[in-house]
Amino acid sequence: MIISESKRLFEKAQNFIPGGVNSPVRAFRAVGGDPLFIKKADGAFIYDEDDNAYIELINSWGPMILGHNHPLIREAVIKAMENGTSFGAPTAREVEIAELIVSMVPSVEKVRMVNSGTEATMSAIRVARGYTGRDKFIKMEGHYHGHGDSFLIAAGSGAMTMGNPDSPGVTKGTAKDTLLAPYNNLEAIEKLISANKGEIAALILEPVPGNMGLCLPMPGYLQGLRDICTREGIILIFDEVMTGFRLAKGGAQELFGVTPDMTTLGKIIGGGMPVGAYGGKKEIMDFVSPVGPVYQGGTLSGNPIAMAAGLGMLHYLNDHPEVYTRLNEIGMQLSSGFASINQKLGVDYTINQLGSMYSLFFTSGNVTDFDSAKMSDTALFGKYFQAMLRRGVYLGPSQFESLFLSIALTDEIIERILNAHEESIKEILG
Ligand code: HOZ
């Protein structure tokens, strides 16, 4: 029997890396089978260590809006590398990217670069607490804000996929300051606030959550949160690590016309390099050291290579609004194609799609929050995932992740995805 290179690597990896992977969802435990080890990616395709090509709908969990290995990003990185990889000192590029982010994202008047979305959300909460002098914050059930201790409570995404939404290692002392609310429910927020009057520093959410699968905000919901937070002096934080620069140039806040006090960003601002950022109103951001008392810093923050990649990406998006028109078209083509195939074949499903993000849930009920997302038939999703993979389409290996589209998806590739979908649904329905 020939053992694939991916399988060989996975077996070896398990001796040296917990579970053989550096992030749990990648282990394929929720969908069965062994993970693919990836050698390279280009445009709409990734290639495994056995040189199999797959149409890829993860796009590094968001940042590859232009497709993989885009020449613009590649050349920016190579050029920057010629001058060294890290200085731990200010650079011109940091100023340029900060100015660009401020011009693109409505809520951001000042911004601080960090190295990941996790760092961004941890820092934003610390600043909100420092600014308000309050300890508690509200997070939504099933929303994921990275793996900072205070967020690993009813965390979606990887935690949900692995069946451990609350992680051991988070102390009771930490957990008591995280207040949980169901998404899309303003009444629950009002109740939490009146039970914790004057004690809540911040309300953080993914405005369009993608970490319990994709869900959409009900009409008026985001504006309702905005109004409540303004009334109560609570800092409203939009975690736009996945939606920023993707749903629109200015993210979900631009699309829905609701401006938070602070925003966390990631991935996309590094063109796929390890980058995150948090920003917001000047008076809040000026609470950050060295102007203000709240400490946050790091040697690799604003790394010159990452900033070069991010600048390439953001300048392109800023100068090419047609990217968003095309992303919306691709999203619509796929979701309407999936819907007509599913109806024809009689499978129970719900598709949530917005622009270039979508999730297909195997349930006929609407998916609007954590509880309704959990109604999806995850065993059937696992079979669908494997059937698609056999047909050369690589999906996120979990029901509870959004998929991300890129402009590298041509009409011909979209047709191939829809054919693979039809054959896969037929296969799993038996
Ligand atoms: N759950 C993460 C994305 N929402 C997965 C990241 C990864 O495995 O790279």
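A short tour of the structure in this document, coming up. No experiment lies behind these values; they were computed from the predicted model shown.

1. Some points on the pattern of salt bridges
The full count for this structure, using the stated rule, is 22 salt bridges. Close ionic contact of K281 with D261 constitutes a salt bridge, the shortest N to O distance being 2.7 Å. Residue K281 is found in the loop between β10 (276–280) and α10 (282–285), and its partner D261 is found in the loop between α9 (251–256) and β9 (262–266); the two are separated by 20 residues along the sequence. Assessed through its relative accessible area of 5%, D261 is described here as buried. One salt bridge in this structure joins E329 and R326, with 3.0 Å as the shortest N-O distance. One end of the pair, E329, and the other, R326, are both in helix α12 (residues 322–345), three residues apart, so they sit about a helical turn from each other. Each member of the salt-bridge network shares a partner with another, and the members are E190, K197, R231 and E232.

2. Section: helix α1 (residues 5–16)
Compared with an ideal rise of 1.5 Å per residue, which puts 12 residues at 16 Å, α1 spans 17 Å between its outermost C-alpha atoms and is within 8% of the ideal. Taken together, the buried positions of α1 are S6, F10 and A13. In a view along the axis of α1, the buried residues occupy a sector of 65 degrees, so they form one face of it. Next to the buried residues of α1 lie β2 (45–48).

Procedures and definitions
- All chains use their own residue numbering, which begins from 1 and follows the written sequence.
- Only residues with pLDDT of at least 70 get local features here, since the model is predicted, and only at 80 or more are side-chain atom pairs given and counted; chain-wide, interface and lining totals rely on the full set of residues.
- Each side-chain value is derived from all of the structure's non-hydrogen atoms; neither hydrogens nor water enter the calculation.
- Counted as salt bridges are all cases of a side-chain nitrogen of Lys or Arg within 4 Å of a carboxyl oxygen of Asp or Glu.
- A run of H or I in DSSP counts as a helix once it spans at least four residues, and a run of E counts as a strand once it spans at least two, with each numbered from the N terminus.
- Only protein chains enter the accessibility calculation, which uses a 1.4 Å probe. A residue is then buried if its area is under 20% of the maximum for its type, exposed if over 50%, and partly exposed in between.
- A helix is expected to reach a length of 1.5 Å times the quantity of its residues less one.
- Arc, as used here, means the arc of the directions from the helix axis to the C-beta atoms.
- Residue contacts follow a heavy-atom distance rule, with two residues in contact if any of their heavy atoms lie within 4.5 Å.

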